Amino acid sequence: MKNSTIISSMALATTTMMAAMTARAQEASSSSMTAQQQFDAASTAVEDGNCTEAVARFETIEKLPAARREGFLKSAIAVRKGRCLARLGRGDEAEGLLRAGLPALTKAGESFNAEVREVHLTLAQLSRSRLDYDAAMVEAKAALALSQGTARLSPLILLTSLARFDTGGDAVDYAKEAFALAKAGGGDKTALALIQTEHGLALLNQGQAAAAYPILKEALANQGGLTMQVSLAQVATRGDLALAASLLGKREEAGKYLAYTGAGRIADAPFRRAVSMDAPPCGETTGLTPQDLAIVEFGIREDGSVVDPQPIYATGGRAGALAFAKAVAAWSWAPDQIKDIPVFYRAATRIEMRCTTGANGNESVFTPLDEVTAAWIDGKGVAGVNPDLPDAQQLPLWQAALLKASADGDQAGEFAASWWLGRSQLVEPKERQAHLVRAVALADALSAPTAVKGRLALEVPEKPDMRPAARRQQFRALLADPRYAGDPLIASTLRLQIAASGYGLRQPEDVTALLDAVIQEPALPAQHSLKIAALLRRANLAAKAGDLATAQAQFQQTGLTEQQCALIGVKPALRKTNVSSNDYPMLAQQMGFEGWVNLEFDVAADGRTVQPRALFAYPPLTFSDAAVDAAKGFRFEASYRPSGGTACAANRQAMAFARP
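### Concerning the overall build of the protein
Here's step 1: Check the secondary structure of the protein and you find 31 helices and 8 strands.
Here's step 2: Total accessible area on the protein is roughly 29,600 Å²; 53% of this is exposed by carbon and sulfur atoms.

Pasting the structure below:
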C-alpha cells in the first residue's frame, strides 16, 4: 500500500519481544547515564528508525521525576515516542502523545520546525488510516507549510492521495509540483514512480483514463517494467494499469497487467469466504447510486480483521469513496481461512465494490426470538463487548470475557459469551457446538425464559452437518414438546421453519396448516413480522393454485405495499441457475484467472432476476460482466404480487469462477 505502514501480526510479535529484551538492556545501563544522555540516545534511535529501542529508552526516562513534571521535556518525549509508536502500529497511543506534545514544540520556535513538520505528517497519516480525510488534509497542509525544497515531497505526495477524489484538480497540481521537485533534486526512479503512480490515480478519478495511462506506464518503467520481481509498490502500479486499461476498454492489456500482480491466482479463492462482508447503502446517507463503482485496497491481519482499507478508485466522489472503505473496515475472516492466503497478498489486495439497494443483515424469522434473548441478557447486567467492532476484533474479547466469567462464577456473563461464540462463523464448528451446549446448560441454571431456551433449541442441531430434511424433523420434534408448543413466539417460528422450502427441499404436505396456525395465532399482533411472513407465503401458495382472489386478500392482510414486501418478505427459493462453462470469460480462461462475484438483484414475481449487479468482485473488473450476464438466467420460485412486480429486493447470490 502507498503512503501507509502495514505491520503484520508476526512483525508486531517480533517487535514486542525485541522491546522486552531492549528494555532489560536499557535498565541495566541507564544507571550510568545522565537524563540528558538517555534522552539523546533515545532521540538518536528515533532518527535512525530503531523505534523498539527508542520507545524502551523513553519509557525509562519517563520514570524520572524531571520527565513527570509538565514542561518542554515531557512534551519532547511525548512527540518523539509518539512518532515511533505510530511506526510500530500503535496508532491510538501515538496520536494521543503527539497531540499532547505538539503545542509546546510549536511554541519553541523555528529551530523545531522540522520536528513539528514530522508530527503533522505523522498525524496526517494516522488520520488517513482511520479514513478521516478532512483531518488528514489539515495536518498534511500544515506539514507542507513548514517544508522547503525536496522536504515538500512527502506532504505533496500525501496530499495527492488525499485529494484524488475531489473535483477541482488539486490532486493533479500537487503531483505535478512533486514530480518537478523530484526531477530537479535528482530523485531516484523509485521516488519518481511513486509520484507518477499517484498522479495517474488522480487522473483516473477525475475521469481522465486516457491521460493517466501513459503516466502509469512511465511509473512502471521506472520500477523496472514487467519483471518477476515483485514489491507491494510494483503490484500497486500494475493494478493501477490494469484498472486504467479496463476503463479504456483495453481488455487484453488489462489482463496482462493483472497477471503480473498475481491476483486471481490464489487457489480456492479464500477471499470470498469472509464471515462478514457488507456493502455501504445506496441513497442519501452515502450519496451513492447503484451505478457507482469503487476499487478498495486493504490488508488482512492474522486475526482476520481488516487493516488500512483505502479507496483506490471511485465514481462517487470523496464521500462515496470513503463510504466503501469504511464498509471494508468492518469485514472479518476466520483465522483458519486467512492461513490459506499468502502473506504477501494479505498485506494488500483489491476488490471491486458497489453499494447495496437493500439492508445489510436482513431480518429473519429468528429476529423476534433474538430480540427477546438480547433483552434478557441485558437485564442480567452483562457488560458484553462493543458490537460496533468488526467480528474478528470481537472474537478475542468474547473469548477473554468467557474465561473471566467462568473464573468469577458469573453464569450470566458466561452465557452471553457462549451464546455469541456459539453462533460466530469465526469459530470452528465443533467448538461452536460446545459453546451452544454450554449455553443450554447455563440457561437451565439461570432459569431463563422459555423463549430464550427455545431460541437455543432452534440453534443447536442434534448432530453436526445435518441435512435440511433432518433439521426439519428436528423442528417438528421441538414443536411437539409442550414447553415450546405453548409459547406463541417459539411455536410460530418453528412452524415457519418447518414450512420453508429451499434448493433441494420441497415444501411439506401440511404447509397450509402450518402457515394458517401462524396467521391465526391470537397471542401475536396482526402486524407481527412472523404473521406477515406467513401471509406472504400463504398468498404465494394460493396464487400457485390459481386462487388469485384468496392470494390478493392475504397479501392485503399484511398491510404492506409491494415495495415493503419486496424488502422484508420471504426470499423465494432458487430453482435453477442455467450456468455452464460457457459463462467463464474467455480472456480469464486464457490468462489462468480464477475469482468470484457476489451478485445483488431483485427477483420478479415470476421468478426472473431483475437488474443484476456485481456487489463485490475479485479480481476487480475481471468476472463482473460475465456474472451479471449469467444471473439473468437464474430462476427462482414464483411469488404472488398483485401487480406482478418485485417479489424480493436486493437478493444476493455468490458465483465462483474456478478452472478445472
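We are not done yet, so read on.
### Structural notes on the pattern of salt bridges
Here's step 1: Overall, the coordinates contain 36 salt bridges when judged by the stated rule.
Here's step 2: Here Arg80 and Glu115 are joined by a salt bridge, their closest N and O atoms 2.7 Å apart. Here the residue Arg80 occupies a position in helix H5 (residues 72-87), and Glu115 occupies one in helix H7 (residues 113-129), the gap between them amounting to 35 residues. Pair check on accessibility: Arg80 and Glu115 agree, each one buried.
Here's step 3: Note that Arg117 and Glu118 form a salt bridge whose closest N and O atoms lie 2.5 Å from each other.
Here's step 4: We classify Arg117 as buried; its relative accessible area is 9%.
Here's step 5: If you follow the salt bridges from partner to partner, you end up with Glu95, Arg99, Arg130, Asp132 and Glu139 in one network.

### A word on the confidence of the model for the protein
Here's step 1: Overall, the prediction assigns the protein a mean pLDDT of 87, with 90% of residues at 70 or greater.
Here's step 2: Every residue in residues 1-30 is under pLDDT 50, and counting partners more than four places away or in other chains gives 53 contacts.

### A word on the pairing of strand S6 (residues 609-618)
Here's step 1: In terms of residue burial, S6 counts as a mostly covered element, since 8 of its 10 residues are buried.
Here's step 2: With 7 bridges connecting them, strand S5 (residues 595-604) and S6 associate as antiparallel partners. The partner of Trp596 across the bridge, within S6, is Tyr618.
Here's step 3: Hairpin remark: S5 followed by S6, antiparallel, with 4 residues in the connecting loop; positive phi at Gly607, about 95 degrees.

### As for the packing of helix H2 (residues 35-47) against H5
The angle between the axes and the distance between the axes are what describe a pair of packed helices.
Here's step 1: Two elements in contact, H2 and H5, have axes whose closest approach is 10 Å; the angle formed by their N-to-C orientations is 30 degrees. In terms of their interaxial angle, H2 and H5 are classed as roughly parallel. As for the relative orientation of H2 and H5, their crossing is left-handed in sense. Residue-level inspection shows Phe39, Ser43, Val46 and Glu47 of H2 in contact with H5, the latter providing Leu73, Ala76, Ile77, Arg80, Arg83, Cys84 and Arg87.
Here's step 2: Residue composition of the contact of H2 with H5, grouped by class: 6 nonpolar, 1 polar and 4 charged.

### Some remarks on the pairing of strand S3 (residues 349-353)
Here's step 1: Most of S3 is tucked away: 5 of the 5 residues are buried.
Here's step 2: One ladder, built from 5 bridges, connects strand S1 (residues 294-300) with S3; its direction is antiparallel. Residue pairing for S3: Glu297 is matched across the bridge by Arg350.
Here's step 3: Summarising the sheet, S3 and S6 pair through 2 bridges and their orientation is antiparallel. Its bridge partner being in S6, Met353 is matched across the sheet by Phe616.

### Structural notes on the state of the cysteines
Here's step 1: This model, assessed by the stated rule, comprises 2 disulfides.
Here's step 2: With a sulfur-sulfur separation of 2.2 Å, Cys51 is cross-linked through a disulfide to Cys84. Note on the Cys51 and Cys84 pair: the S-S dihedral is about -75 degrees, so by sign convention the disulfide is left-handed. Highlighted residues: Cys51 in helix H3 (residues 51-61) and Cys84 in helix H5, separated in sequence by 33 residues.
Here's step 3: Given the relative accessible area of 5%, Cys51 is considered buried.
Here's step 4: Given a relative accessible area of 0%, Cys84 falls into the buried group.
Here's step 5: One disulfide in the model links Cys282 with Cys355; its S-S distance is 2.0 Å. On the S-S bond that ties Cys282 to Cys355, the torsion sits near 95 degrees, and the link is right-handed. Taken together, the positions of Cys282 in the loop between helix H14 (251-259) and S1 and Cys355 in the loop between S3 and helix H18 (367-379) put the pair 73 residues apart, joining distant regions of the chain.
Here's step 6: Residue Cys355 is classed as buried on the basis of its relative accessible area of 0%.

### Description of the packing of aromatic side chains
Here's step 1: Using the criterion set out here, one finds 14 aromatic pairs in the structure.
Here's step 2: Between Phe298 and Trp333, the aromatic rings sit 5.9 Å apart at their centres with planes inclined by 20 degrees, giving stacked as the arrangement. Of the two residues, Phe298 is situated in strand S1 and Trp333 in the loop between helix H15 (317-329) and helix H16 (335-338); the sequence distance between them amounts to 35 residues. Each of the two residues, Phe298 as well as Trp333, counts as buried.
Here's step 3: Between Phe344 and Tyr345, the aromatic rings sit 5.5 Å apart at their centres with planes inclined by 90 degrees, giving edge-to-face as the arrangement.
Here's step 4: Judged by its relative accessible area of 29%, Phe344 is partly exposed.
Here's step 5: Here the guanidinium or amino end of Lys256 rests over the ring plane of Tyr257, the centre of that ring lying 4.8 Å away.
Here's step 6: The ring of Phe366 is capped by Arg455, whose NZ or CZ atom sits 4.4 Å from the centre of that ring.

### Some words on the nonpolar core
Here's step 1: Ranked by size, the top nonpolar core spans 97 residues in total, and within it Leu204, Trp331, Trp333, Met353, Leu599 and Phe616 carry the most contacts.
Here's step 2: Residues contacting Leu204, with those up to four places away along its chain left out, are Ala209, Ala212, Leu216, Asp240, Leu243, Ala244, Leu247 and Tyr313.
Here's step 3: Of all hydrophobic cores here, the second largest spans 28 residues; its members include Leu496, Leu514, Val518 and Leu530.

### Quick word on unusual backbone geometry
Here's step 1: Residue Pro619 follows Tyr618 across a cis peptide bond; omega there is -10 degrees.
Here's step 2: Non-glycine residue Asn578 carries a positive phi angle of around 60 degrees.
Here's step 3: The phi torsion at Leu621 lies on the positive side, around 55 degrees, for a residue other than glycine.
Here's step 4: Tracing the backbone through its elements, the reader meets Leu621 in the loop between S6 and helix H31 (624-631).
Here's step 5: Residue classification places Leu621 among the partly exposed positions, given a relative accessible area of 23%.

### Concerning the environment of Ala163
Here's step 1: Along the chain, the position of Ala163 falls in helix H9 (residues 153-163).
Here's step 2: For Ala163, a relative accessible area of 2% corresponds to the buried category.
Here's step 3: C-alpha of Ala163 to C-alpha of Tyr133: the two residues are 30 residues apart in sequence and 8.6 Å apart in space.
Here's step 4: Beyond its immediate chain neighbours, meaning those up to four positions away, Ala163 contacts Met137, Ala171 and Tyr174.

Analysis parameters
Counting from 1, residues in each chain are numbered in the order their sequence is written. Only residues with pLDDT of 70 or above have their local features reported here, since the model is predicted, and side-chain atom pairs are shown and tallied only from 80 upward, although totals for entire chains, interfaces and linings are computed over all residues. Working from all heavy atoms in the structure, the side-chain values ignore hydrogens and water. We count a stretch as a helix when DSSP gives it H or I for four or more residues in a row; a strand needs E for two or more, and each element gets its number in order from the N terminus. In this description, accessible areas are obtained by the Shrake-Rupley approach with a 1.4 Å probe, and a residue is regarded as covered only by the protein chains that are shown. Throughout this description, the term salt bridge denotes a Lys or Arg side-chain nitrogen within 4 Å of a carboxyl oxygen of Asp or Glu. When a residue's accessible area, from a 1.4 Å probe over protein chains only, is under 20% of the maximum for its type it is buried; when over 50% it is exposed; and in between it is partly exposed. Confidence per residue, as judged by the predictor, is encoded in pLDDT with a range of 0 to 100. Only heavy atoms matter for contacts: two residues are in contact if any of them lie within 4.5 Å across the pair. DSSP-based pairing: two strands are paired if at least 2 bridges between them are found. Inter-axis angles, ranging from 0 to 180 degrees, are taken between N-to-C directions of lines fitted to C-alpha atoms, where helices are fitted over the stretch in contact. Each angle is binned into one of four classes, with values under 35 degrees roughly parallel, values over 145 roughly antiparallel, values of 65 to 115 roughly perpendicular, and all other values oblique. In this scheme the crossing of two helices becomes right-handed for a clockwise turn of the near helix relative to the far one and left-handed for an anticlockwise turn of less than a right angle. Each residue gets one of three labels, nonpolar for Ala, Val, Leu, Ile, Met, Phe, Trp, Tyr, Cys and Pro, charged for Asp, Glu, Lys and Arg, and polar for the others, Gly among them. Throughout, disulfides are identified as pairs of cysteine sulfur atoms within 2.5 Å of each other. Here a pair means two rings of Phe, Tyr or Trp (six-membered ring of Trp) with centres within 6.5 Å. Their orientation is stacked below 30 degrees between planes, edge-to-face above 60, and tilted elsewhere. Put simply, a charge is over a ring when the Lys NZ or the Arg CZ is close to the ring centre, within 6 Å, and near the line of the ring normal, within 35 degrees. Residues belong to a common nonpolar core when they are buried Ala, Val, Leu, Ile, Met, Phe, Trp, Tyr or Cys residues joined through side-chain atoms within 4.5 Å.

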